[in-house]
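Fold and geometry: a report
Single-letter residue listing:
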Amino acid sequence: MRDEEEIREQYEFLAEELDSEEMNHEGVRQMFTYYKRALGWVLEEEYM
């Protein structure tokens, strides 16, 4: 299982990527949104 710091780093990375101008392809944005949401749920369940 990943530690909290690693999960938070990935979550922040994905958040930055979603805000990037290069991430304009809707399918890619949607995939990252789902992944970002899943990481958020893991953080809430495991560490909060």
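This text gives an overview of the structure that appears in the document. What you see is a predicted model; the values in this text were computed from it and never measured.

Quick word on the overall build of the protein chain
When helices and strands are counted, the protein chain shows two helices and zero strands. Within the protein chain, counting contacts between residues at least 6 apart in sequence, those at least 24 apart form 61% of the total. A total accessible area of about 4,000 Å² is found for the protein chain, and carbon and sulfur atoms account for 48% of it.

Points about the nonpolar core
If you look at the biggest cluster of nonpolar residues, it comprises six residues: Ile7, Leu14, Leu18, Phe32, Leu39 and Leu43. Put simply, the parts of the chain that give this core at least two residues each are α1 (4-19) and α2 (26-47). Leaving out residues up to four positions away in the same chain, Leu18 has contacts with Arg29, Phe32, Thr33 and Lys36.

Analysis parameters
Residues numbered from 1 in each chain as written. Predicted model: local features only at pLDDT ≥ 70, side-chain atom pairs only at ≥ 80, totals over all residues. Heavy atoms only, no water. Helix = DSSP H or I, 4+ residues; strand = E, 2+ residues; numbered from the N terminus. Contact = heavy atoms within 4.5 Å. Areas by Shrake-Rupley, 256 points an atom, 1.4 Å probe, with all protein chains shown as cover. Core = buried A, V, L, I, M, F, W, Y, C linked by side-chain atoms within 4.5 Å. Buried < 20%, exposed > 50% of the residue type's maximum accessible area, 1.4 Å probe, protein only.

Note that all results are geometric; they support no functional claim without further evidence.
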